[in-house]
Amino acid sequence: MCGIVGYIGHNEAYPILIKGLKRLEYRGYDSAGVALINNDGGLNVYKAKGKVADLESYCEDKDKTGSAGIAHTRWATHGEPNSANAHPHYSASGRLALIHNGIIENYMTLKENLVERGIVFKSVTDTEVLVQLIEHIMLSNNIELLEAVQVALHQVIGAYAIAILDRNHPDTIVCARQSSPLVVGLGKEGDYYLGSDASPIAEYTDRVIYLNDGDIAVMRLGEELKVVNMDNETQHPKVKQIDITLGQLEKGGYPYFMIKEIFEQPACMRDCMRGRINVDADRITLSAVIDYRERLVTARRIIIVACGTSWHAGLIGKQLIESMCRIPVEVEYASEFRYRDPVIMPDDVVIAISQSGETADTLAAIELARQAGAFVFGVCNAIGASIPRQTQTGVYIHVGPEIGVASTKAFTGQVTVLSMLALSIAREKKTIDDETYKHMVAELTLIPDKMEEALKTNEQIERLASIFTYAKNCLYLGRGYNYPVALEGALKLKEISYIHAEGYPAAEMKHGPIALIDSEMPVFVIATRDKLYEKIISNIQEVRARGGRVTALVTRGDTQIQQFADHVIELPDTQECFQPLIASIPLQLLAYHIAVCKGKDVDRPRNLAKSVTVE
Ligand code: F6R
């Protein structure tokens, strides 16, 4: 959701900024813009509605020189996506240009004050208020940019990551962060890079600083980075080494990131387990469980908070933890939890699950839990993001950057971590016997190979996909561990193909949704062999009796379901609790191929953002 790139150094800024914007395209956006201080000291701002490629076309005949610049992809919140509302925004005199991620909540009040002072606004965004306010403070107090930013931010309520160029200081970018991520890259020879995450920076430097809330940074060419807060107190954020390869940021021969990421899952899962499961595959070691053993083992209740796909992973986590550890688990939408006045007790453990580590609702839920004295544990992918920094401990899923907007490998990574976590706590609590524990750990290590088997269904699914292209609605049914898989399968289809889809617990169908079933309604049933197998067969019969078209995911060798399903997709067998790691793969592939058949932009579905940093 919105992307920030900045550069100040010895090279031409424009190509670096455009490349950086392209690296951030996955976050979702609807317009883009760039500001450059050219070699004559002029400050040029170019903006376009649409994709970064549209911005490039617009800039073709423009002056793009200059070695200082900021650039932005905007995901509209205040005001429609058009070039006037796109960032950067000029200040009234044209001296400053500013880009912003986040939302300024009190922008109306601030704007009214500025309008009364004669300042004319050119957009309807909350962002423009910031640049006008900062310049107004600068000019009326005759102070420099940093001080004006400090004064202005004292008046601002909301979330922001901002970067500002000042025509009078072409060697400097000033940036600030509050509840919206910002990463400064330290280049060789005193060059600076800026990004809303590390992906636009990673190919230039592996030394980065993740700014903290309240930090204001001054990037001045050739000088050490200066970081202060609003009260001008010096801050000392740490320099971190990042480990992102170019290959991880590129498509590697696949047509879309999503399909690349689907196929990466076996390798990602091996990475996720590496160093955590020993070579004999009989023991899991999670440092967070060792360090906080007492807190986890004595938890009276676990509350999982998350959004979207991560929430679906949480539903699987609930079943894993309850069955293995015998600790009651509640799974909450972070967006509801934060406003619901929930009962949170000091002996609760709150597990926050998030791929990006920046989801605003999940961050707010964490804050609420912390205030209530609960112990907060993070399950996150993006290294150094806000969630891992605001939780007491946690486990990274280590699946590498996920660029496709529809989450795939992060989901299976989250389920893998939750499986390891449940097994580790269960062992410490002695709610699982040694033999079962070892057997399950060994099975978990076999899952990457079984995922490879599941990926072999790709061609069959590609052929099937064309049949469903014209569906208006689809139903996904599952039971037990496969119920969240049904929810996740339906979400994937909705997100990228724009076909309405519902995930339902199969037995609930007869309490309402069964009325929808007719020959026009494709029904996808996850019917792998587990303790509810016979029950789900009855559910399939109920669909068939009403003319529904059934595609069933079955365990390899199943001959029973073949007799009455229209299509079957065979999957390798595994333990029931690990089935979601296998069964989610064909549903990801199905959503992907249907969307491709429909000619949709799979990696950048309309209206969606990868990192939802506003509530
Ligand atoms: C679905 C998807 C979203 C995210 C949700 C939470 O494919 O990607 O539903 O799962 O926005 O995001 P994170 O996990 O980054 O907190």
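Described below are features of the structure shown in this document. (Residues numbered from 1 in each chain as written. Predicted model: local features only at pLDDT ≥ 70, side-chain atom pairs only at ≥ 80, totals over all residues. Heavy atoms only, no water.)

1. Overview of the overall build of the protein
- Helix and strand content of the protein: 20 helices and 24 strands.
- Taken over the C-alpha trace, the protein has a radius of gyration of 26 Å; the compact-globule value for 615 residues is 25 Å, and the two agree within 12%.
- Here the C-alpha coordinates of the protein stretch approximately 80 × 55 × 45 Å along the principal axes.
- A buried classification covers 60% of the 615 residues belonging to the protein.
- About 23,400 Å² of surface is accessible on the protein, with carbon and sulfur atoms providing 48% of the total. (Helix = DSSP H or I, 4+ residues; strand = E, 2+ residues; numbered from the N terminus. Rg over C-alpha atoms; globule rule 2.2 N^0.38 Å. Buried < 20%, exposed > 50% of the residue type's maximum accessible area, 1.4 Å probe, protein only. Areas by Shrake-Rupley, 256 points an atom, 1.4 Å probe, with all protein chains shown as cover.)

2. Structural notes on the sheet that holds strand β3 (residues 43–49)
- Sheet architecture is open: eight strands sit in the order β3-β2-β4-β1-β10-β9-β11-β14, paired in antiparallel fashion. Sheet topology places β3 and β14 (239–241) at the edges, where each strand pairs with a single neighbour. Sheet twist, expressed as the mean angle between neighbouring strand axes with direction ignored, is 20°.
- The sheet contact formed by strand β2 (residues 31–37) and β3 spans seven bridges and is antiparallel. Bridging across to β3, valine 34 finds its partner in tyrosine 46. (Pairing = 2+ DSSP bridges. Axes fitted to C-alpha atoms, helices over the stretch in contact; angles between N-to-C directions.)

3. A closer look at the site of the ligand
- The local shell around the ligand holds 15 residues, among which Ser310, Ser354, Gln355, Ser356 and Thr359 are the closest.
- Note that an oxygen atom of the ligand is positioned 2.7 Å from one of the backbone N or O atoms of glutamine 355.
- Elements represented by at least two residues in the shell around the ligand include exactly α11 (308–325) and α18 (482–497).
- For the shell around the ligand, the class distribution of residues is five nonpolar, eight polar and two charged. (Near = heavy atom within 4 Å. Polar contact = N/O pair within 3.5 Å; in protein donor to acceptor, adjacent residues only side chain to side chain. Nonpolar A, V, L, I, M, F, W, Y, C, P; charged D, E, K, R; others polar.)

4. As for the packing of α11 against helix α15 (residues 409–429)
- Two elements in contact, α11 and α15, have axes separated by 9 Å at closest approach and are oriented at 20°. Overall, the two elements α11 and α15 adopt an arrangement that is roughly parallel. Judged by the twist between their axes, the crossing of α11 over α15 is right-handed. Judged by residue contacts, Thr309, Ser310, His312, Ala313, Gly314, Ile316, Gly317, Leu320, Ile321, Met324 and Cys325 of α11 engage Phe411, Gln414, Val415, Leu418, Ser419, Ala422, Leu423, Ile425, Ala426 and Lys429 from α15. (Parallel < 35°, antiparallel > 145°, perpendicular 65-115°, else oblique. Left-handed = near helix turned anticlockwise from the far one by under 90°. Contact = heavy atoms within 4.5 Å.)

5. Quick look at the packing of helix α17 (residues 458–468) against helix α20 (residues 579–597)
- Running from amino to carboxyl end, α17 crosses α20 at an angle of 50°, the nearest separation of the two axes being 8 Å. The orientation of α17 relative to α20 falls into the category oblique. Taken as a pair, α17 and α20 cross one another with a handedness that is right-handed. Seen from α17, the contacting residues are Asn458, Ile461, Glu462, Ala465, Ser466 and Phe468; seen from α20, they are Pro586, Leu589, Leu590, His593, Ile594 and Cys597.
- For the contact of α17 with α20, the residue count by class is eight nonpolar, three polar and one charged.

6. Examining helix α5 (residues 145–155)
- Every buried residue of α5 is listed here: Leu145, Leu146, Ala148, Val149, Gln150, Ala152 and Leu153.
- The inward-facing, buried residues of α5 contact β6 (96–104), α4 (127–141), β7 (158–166), β8 (172–178), β12 (216–220) and β13 (226–228).

7. Some words on the sheet that holds β8
- Pairing is antiparallel in the open sheet, where six strands are placed in the order β5-β6-β7-β8-β12-β13. Only two strands of the sheet have a single neighbouring strand rather than two, namely β5 (89–90) and β13.
- Pairing geometry for β8 and β12, over five bridges, is antiparallel. Bridging across to β12, cysteine 175 finds its partner in alanine 217.
- Contacts from α4 reach β5, β6 and β7, with the element oriented near 130° to β6.

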